[in-house]
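Descriptive analysis of the structure
So you can see what is in the structure, the chains are spelled out below.
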Amino acid sequence: MICQRPAASVQSPVIMLVLCIESSCDETAAAVVRDGREALSNVVASQVDVHARYGGVVPELASRKHVEAISVVINSALEEAGVALEQIEGIGVTRGPGLVGALLVGLSTAKAMAWSLDIPLAAVHHMEGHILAPLLEGTPEFPFLALAVSGGHTHLYRVDGIGQYRTIGQTLDDAAGEAYDKVAKLLGLGYPGGAKIDRLALQGDPEAIAFPRPMLHRPNYDFSFSGIKTAVLQYVEKCPNPIDERHMGDITASFQEAMVEVLTRKTLRAAADQHLERIVVAGGVACNSGLRKRFHELAGQNGVEVFFPSPSLCGDNAAMLGVPADYYLEHGQHADNKVNALSSWPLDMVGRAE
Ligand code: KG4
Ligand code: ZN
């Protein structure tokens, strides 16, 4: 539950140091952020090794691992920032979307800390953190178009300011990161596979295999990736087993080419139609070298500027929450102690009454 007070009647103090906590999936993360623009620390404890042997995130295991890690991670974030707990003036935490058991670990910790330290709490949307992460590095100005590409999301948002988001398009089936992970799994590359495919693709020919480009020419901004994944599966089923190194390079490069073409072309068209000159690409898949390269190549030709967070701010982290958390704390948009975790939460609903 968000207590939204009218900004005009509130004289909130300027928040300087915010402790941020993120636990929506398989990373336990904490950060100290100054003035919503400078990450003094950004500590991430990944559970990836725990889940790798199951080929995906096991929710029950994720919750347990968050419980084990959270105090250590918070203490490390304070230590790295050189900040004492008593100096923290507000707390920002991911409220959703994500795995409820995992979210509850961060949220309960944040609520307990805010109550015991008698400081305000801001409940933040995970994707809001992702798409505002570039502001920790100084750019860009609003408004902009955000392409959020992660394991759970492939969304295009129009962003007019902090808390002002409108969904322009989204995936109708798999998220981009999910498609990367599923293709990696069927190629026997393990989980998570996005970065591995990215590396192997560098050695292959992106024109070698013509995988489909679903919905590329539809006059909307929605995506669909399950067809590309199925096409890779059908192709691989006909290949001699094991697949040799050169052939693996061609398959991964051709798959990546299909993903990159669909993501870049639809995003650039949405930006043009929305009359937006700035594009932010955020989330774990924003680490992808092919996507970064193509966006930078096409940006100039299309008269837009494209912004990617540094790789350490692309994947799940807590520093990214500092941008919205600081804003909400300063504007008196505090969460009360009854605030609950949300497994699904459209970004457009942020700040609206429940
Ligand atoms: O944002 P994130 O860390 O977590 C979620 O909120 O989902 O994104 C994780 C996703 C995974 O699917 C992972 O395979 C993908 O990001 N990923 C990549 C790359 N690095 C991470 N996908 C493609 N290329 C990469 N270099
Ligand atoms: Zn994420």
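Residues numbered from 1 in each chain as written. Chains lettered and ligands numbered in written order. Predicted model: local features only at pLDDT ≥ 70, side-chain atom pairs only at ≥ 80, totals over all residues. Heavy atoms only, no water.

**Section: the packing of aromatic side chains**
A complete count under the given rule lists six aromatic pairs for this structure. Note on F223 and F225: the rings are 5.8 Å apart at their centroids and 15° apart in plane angle, and the pair reads as stacked. Judged by its relative accessible area of 0%, F223 falls in the buried class. The exposure class assigned to F225 is buried, which follows from its relative accessible area of 0%. Relative to F308, the ring of F295 has its centre 6.1 Å away and its plane inclined at 65°; by these criteria the two rings are edge-to-face. Separated by 13 residues along the polypeptide, F295 in helix α9 (residues 289–301) and F308 in the loop between β11 (305–307) and α10 (311–314) bring together distant segments of the chain. (Phe/Tyr/Trp six-rings, centres within 6.5 Å; stacked < 30°, edge-to-face > 60°. Buried < 20%, exposed > 50% of the residue type's maximum accessible area, 1.4 Å probe, protein only. Helix = DSSP H or I, 4+ residues; strand = E, 2+ residues; numbered from the N terminus.)

**Focus on the sheet that holds strand β8 (residues 154–161)**
Remark on secondary structure: sheet strands pair via backbone hydrogen bonds, oriented parallel or antiparallel. Spatially, the five strands line up as an open sheet ordered β9-β8-β7-β10-β11, and their pairing is mixed. This sheet does not close on itself; its edge strands, each paired only once, are β9 (164–170) and β11. In this sheet, adjacent strand axes meet at a mean angle of 25° when their direction is disregarded. Where strand β7 (residues 144–149) and strand β10 (residues 278–282) come together, four bridges link them in parallel fashion. Looking at β10, one finds that L147 is bridged to V281. Taken strand by strand, α9 contacts β7, β10 and β11, and its axis lies near 160° from that of β11. (Pairing = 2+ DSSP bridges. Axes fitted to C-alpha atoms, helices over the stretch in contact; angles between N-to-C directions. Contact = heavy atoms within 4.5 Å.)

**A few points about the coordination of the zinc ion (ligand 2)**
Ligation of the zinc ion (ligand 2) by protein atoms is provided by H126 (NE2), H130 (NE2) and D316 (OD), these donors lying 2.0 to 2.1 Å from the ion. The site at the zinc ion (ligand 2) holds four donor atoms, and with the angles between them running 93 to 149°, its shape is irregular. Read in sequence order, the donor residues coordinating the zinc ion (ligand 2) give the pattern H-x3-H-x185-D. Taken together, the positions of H126 and H130, both in helix α4 (residues 126–132) and four residues apart, correspond to about one turn of that helix. H130 shares its class with H126; the two are buried. (Donors = N, O, S within 2.8 Å, 3.2 Å for Na, K, Ca; no water. Tetrahedral: all angles 85-135°; square planar, octahedral: opposite > 155°, others 65-115°.)

**Regarding the pattern of salt bridges**
Per the counting criterion, the structure on display carries twelve salt bridges. We note a salt bridge from R64 to E60, for which the minimum N-O separation is 3.0 Å. Here the residue R64 and the residue E60 both occupy positions in helix α2 (residues 59–81), the gap between them amounting to four residues, near one helical turn. Between D174 and K182 there is a salt bridge; the shortest N-O distance is 3.1 Å. What makes D174 buried here is its relative accessible area of 6%. The exposure class assigned to K182 is partly exposed, which follows from its relative accessible area of 32%. Residues joined by salt bridges that share partners form a network here, namely D174, E178, K182 and K229. (Salt bridge = Lys/Arg side-chain N within 4 Å of Asp/Glu carboxyl O.)

**Thoughts on the packing of α2 against helix α3 (residues 100–117)**
The interhelical angle for the contact between α2 and α3, taken along N-to-C directions, is 35°, at an axis separation of 8 Å. At the point where α2 passes α3, the crossing takes the right-handed sense. For the pair formed by α2 and α3, the contact residues are S63, H66, V67, I70 and I74 on the first element and G101, A102, V105, G106, T109 and M113 on the second. Grouping the constituent residues of the contact of α2 with α3 by class yields six nonpolar, five polar and no charged. (Left-handed = near helix turned anticlockwise from the far one by under 90°. Nonpolar A, V, L, I, M, F, W, Y, C, P; charged D, E, K, R; others polar.)

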